[in-house]
Amino acid sequence: MKVIELQNVNKTFHRSGGQKLLRHYLEDILGRTDPERFFALKDVSFSVRDGESVAVIGANGAGKSTLLSLVTGLVPPSTGTVKVAGRAAALLDLGSGFHPDLTGRENIILNASLLGFSRRQAHDLYDSIVEFSELDDFIKEPLRTYSNGMMLRLAFSVAVNLDPEILIIDEVLAVGDQKFQAKCTEKIFEIRNQGKTILCVSHVSPTLRELCDRALWLDHGQLVMDGPIREVIEAYEGRLTRQA
Amino acid sequence: MWKGDYLFLLQNLIVKDFKIRYRNMSLGVFWSLLNPLVMMTALTFVFTAVFPNNQIENFPIFVLCGLVPFNFFTVAWQNGTISVANNAGLIKRVPVPREIVPIATVLSTCVHLGIQIALLLALVVVFGRGVNWNWLWLPVVWGLEILFVCGITLMTSALDVYIRDVRYVVESACTLLFWMVPVFYAIHSVPQSYANLYQFNPLAALILALRTILIDGESPTSTLLLKLTFSSTLIFALGLFVFHRLKRQFFDYL
C-alpha cells in the first residue's frame, strides 16, 4: 500500500516572500521590485509504501524542508498532487506548539491535542511521555525554567510517544546529552521495527544509513536520484568530493 | 490532513490563553473588573456633572450596558486579528485547522467577558432593577454577538497575514466605533434615519437589546432581533468564506 504519493509536484515561492506591509504591495504595483518566483521543488514524483523508511538528502536549500511541509499537509503544492494516507507526526522544529508560561504537563496536553489526539488518548499517553522525558518533578514547573536540553527532551517525548503512523523527522535525531540521544535513536528504531513508515531529513550519518533502506536525493528542487540508500549516498558523496 | 478532536483542541487553546493572561497578573480577575468600573465612573462624571443629561436615568448602569459589549468586542477583535500572524510558528509547523486559531482567541476573551457580565448583572440588581424573565434573552443576544465577532475576526485575521497593516486599520476602527455605537448616548438622540441603520451593526444592536432587557425589563423588539441575527450570520458566513479562500497561501506569507 502506498502511504505517501507525490505526482509531478511543483512548489514555487516568491523570492521576496514572508511578511508584507501595504508598502510592499504598492512597490510591486509601481514596478519598483520584481516579484520573481523560484522553484523550491520542480516536477518531483515518488511514492512511499507502508513500512518503508526513506531518507531525504541534499545540500541546504535543495527543497528538503519544503518536501516535508508538503507531506505534512502544511502547504499545498503549486501544481501536482500530494496524497498521504494515515496520521503523520512531524518532528519538525521541535516544540513549536510549546508556551514558556505553561507547565510541562500543560504543554504535553496542549501538544497532544495539536497533533490530533482526543482527551482520552492524551491522558492515557501522559505517563509514558513523562517517563520517557525523565523530567520527573520538573513536569510541574513552567517551561521557561527548563534548560534548552530539557525542553527538547520533552518535545521529543511528546512526538514519539504519540504513536504516529508516519513519522517525519527533520534533523532532530540528536537531542539532549549522549545518553538521551541513544535513547531517542533507539526509540526511532523501535518505531521503524513496528512497521511504521519513516520519512527522514538528516545529514548523512551512520545512524541514517542504518535506519533507512531507501534515499531520495534532492538538488535545487529536483529529484536527481531515488534508490537504495547505500548507492544514493555514494553518488551524493562522490559529487561532493568532485566539487571540492 | 488533520483529523483530530476539534473540541479538545479548542478547549486547550482557550485554557492556554486564559492561563497565560492571568498567571502574569498578581490580582488576576480583579483587573477584568477594574477597567469597566473606571470607565463607568469617568463617563458618569462627564455626562452627569459636566454635561448634565437628565433624559437618562441610572446613568452608571446605562453606560455599563454599552461598555461591557464594547470592551469585549474591541479586545476580541484586536487580539483575534493578530492571532494568525502571531502564531506563525504553530501554523507553519503543525497542520491544525487554521480557523481554530482566531476562533480560540475570540472565545478565550469570553472568559473575561463572563466576569464583566457578572459585574453588570450584579450592579443592575444593586441599583434596584430586579431580575426578570426577559433575562432569558441574554444568552441569545450574546451568542449572536460572539458569532459576529468570530466572523469579522476570521476575515481580518486572514487579511492581516497578507497585509500586516490590517491590524492598524482594526485599531483605528475600534477607536471610531466608540463614538459610532450608542455607548454613552441613547439611541433616541440619534436622528431617526440613522437610528434604523444602527440596528444593522450587531454591536449597537446588542447594546440596545441589553438596555431593553436590563433597564426597561422588556424583551427586545423582533425587528432588532431579526436585524441582529441577519447581520451576525451573514458576517460569520462571509468570514468563513474569506478565511477559507485565503488560508491556502498562509504558509508563504508567514
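## Digging into the pairing of strand β1 (residues 2-14) of chain A
Residues and elements named next belong to chain A.
- For β1 and strand β2 (residues 37-49), the ladder comprises nine bridges, and the chain directions are antiparallel. The partner of F13 across the bridge, within β2, is F38.
- Where β1 lies against strand β4 (residues 79-84), five bridges are found, and the strand directions are antiparallel. Bridged to N10 within β4 is T79.

## A word on the side chain of K11 of chain A
- The residue K11 of chain A is located in strand β1 in this model.
- A polar atom in the side chain of K11 of chain A sits 3.3 Å from the backbone oxygen of P76 of chain A.
- Non-local contacts of K11 of chain A, meaning those with residues more than four positions away in its chain, are made with F38, F39, A40, L41, T66, V75, P76, P77 and S78 of chain A together with D252 of chain B.

## A few points about the environment of G130 of chain B
- Relative to the helices and strands, G130 of chain B is located in the loop between α5 (100-126) and α6 (138-162).
- Sequence separation between G130 of chain B and I117 of chain B is 13 residues; the distance between their C-alpha atoms is 15 Å.

## So, the interface of chain A and chain B
- Every contact between the two is made by 36 residues of chain A and, on the other side, 32 residues of chain B.
- When the two sides are added together, the surface that chain A and chain B hide from each other amounts to roughly 3,100 Å², 59% of it contributed by carbon and sulfur.
- Where chain A meets chain B, there are one salt bridge.
- At the boundary of chain A with chain B, the tally comes to three residue pairs in polar contact (both at pLDDT 80 or more).
- Counting only elements with at least two residues in the side of chain A that touches chain B, the list comes to β1, α1 (22-29), α2 (64-72), α3 (104-114) and α4 (119-133) of chain A.
- Take the side of chain A that touches chain B: its biggest share by element is five residues, from α3 of chain A.
- Split by residue class, the side of chain A that touches chain B holds 15 nonpolar, 15 polar and six charged.

## Observations concerning α6 of chain B
- Over its 25 residues, α6 of chain B extends 37 Å from the first C-alpha to the last, a length consistent with the 36 Å expected when each residue adds 1.5 Å.
- The buried count for α6 of chain B comes to 19 of 25 residues, which makes it a mostly enclosed element.

## Focus on the environment of V161 of chain B
Residues and elements named next belong to chain B.
- You can see V161 is positioned in helix α6.
- For the pair formed by V161 and F250, sequence separation is 89 residues and the distance between their alpha carbons is 6.7 Å.
- If we ignore the near neighbours within four places in the chain, the residues touching V161 are V84, A85, F250, Y253 and L254.

## Details of the sheet that holds β2 of chain A
All names here are of chain A.
- The three strands are arranged β2-β1-β4 in an open sheet whose pairing can be described as antiparallel. Edge positions in the sheet fall to β2 and β4, since each has one partner strand and no second. Taken pair by pair, the neighbouring strands of this sheet meet at an average axis angle of 20 degrees, ignoring direction.
- This element, α2, spans β1, β2 and β4 of the sheet and lies at about 125 degrees to β1.

## Things to note about the packing of α3 of chain A against helix α1 (residues 6-23) of chain B
- Close contact between α3 of chain A and α1 of chain B brings their axes to 9 Å; oriented N to C, the two are set at 145 degrees. Considering the relative orientation of α3 of chain A and α1 of chain B, their crossing is left-handed. Across the interface between the two elements, E106, I109, L110, S113 and L114 of chain A of α3 of chain A pack against F8, L9, N12, L13, K16, K19 and R23 of chain B of α1 of chain B.
- Along the lines of polarity and charge, the residues of the contact of α3 of chain A with α1 of chain B split into six nonpolar, two polar and four charged.

Conventions used here
- Residues numbered from 1 in each chain as written.
- Chains lettered and ligands numbered in written order.
- Predicted model: local features only at pLDDT ≥ 70, side-chain atom pairs only at ≥ 80, totals over all residues.
- Heavy atoms only, no water.
- Pairing = 2+ DSSP bridges.
- Helix = DSSP H or I, 4+ residues; strand = E, 2+ residues; numbered from the N terminus.
- Polar contact = N/O pair within 3.5 Å; in protein donor to acceptor, adjacent residues only side chain to side chain.
- Contact = heavy atoms within 4.5 Å.
- Buried area = accessible area lost by both parts, 1.4 Å probe.
- Salt bridge = Lys/Arg side-chain N within 4 Å of Asp/Glu carboxyl O.
- Nonpolar A, V, L, I, M, F, W, Y, C, P; charged D, E, K, R; others polar.
- Expected span 1.5 Å × (residues − 1).
- Buried < 20%, exposed > 50% of the residue type's maximum accessible area, 1.4 Å probe, protein only.
- Axes fitted to C-alpha atoms, helices over the stretch in contact; angles between N-to-C directions.
- Left-handed = near helix turned anticlockwise from the far one by under 90°.

The values are spatial; any link to function lies outside them.
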